[in-house]
Amino acid sequence: MSTDAVLDAVAEAYADDPATVEALLLDLAEAAAHAAHLRAAHYATDYGRELACSARDAAREDLAAVLDLPLATPEGVAP
């Protein structure tokens, strides 16, 4: 999927419901920052890291659903 397609999807969804798109973007940013923090934290447990990554993945899925975008497969290629 091209960058243009993603940006167009964001613009369209934002025009329809700006509050939801903004909230989902902020959720994703927070979840990604937390996952990155725990990845680097020496005191974090594997369980904590997995939980943070799961929260990040869920935030991605929520945003992708609103934007009506396919998620990447495990091979990294969107269907």
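Residues numbered from 1 in each chain as written. Predicted model: local features only at pLDDT ≥ 70, side-chain atom pairs only at ≥ 80, totals over all residues. Heavy atoms only, no water.

## As for the packing of helix α1 (residues 3–16) against helix α2 (residues 18–40)
Here is step 1: One way to put it is that α1 packs onto α2 with a least axis distance of 5 Å and a crossing angle of 125 degrees. The pairing of α1 with α2 is recorded here as oblique in orientation. On the side of α1, the interface is formed by Ala13, Tyr14, Ala15 and Asp16, while α2 contributes Pro18, Val21 and Glu22.
Here is step 2: Its residues assigned to classes, the contact of α1 with α2 shows 5 nonpolar, no polar and 2 charged. (Axes fitted to C-alpha atoms, helices over the stretch in contact; angles between N-to-C directions. Helix = DSSP H or I, 4+ residues; strand = E, 2+ residues; numbered from the N terminus. Parallel < 35°, antiparallel > 145°, perpendicular 65-115°, else oblique. Contact = heavy atoms within 4.5 Å. Nonpolar A, V, L, I, M, F, W, Y, C, P; charged D, E, K, R; others polar.)

## Details of the environment of leucine 26
Here is step 1: Tracing the sequence through the fold places leucine 26 in helix α2.
Here is step 2: For leucine 26, a relative accessible area of 53% translates into the label exposed.
Here is step 3: Measuring from C-alpha to C-alpha, the distance between leucine 26 and alanine 72 comes to 21 Å, with 46 residues separating the pair along the chain. (Buried < 20%, exposed > 50% of the residue type's maximum accessible area, 1.4 Å probe, protein only.)

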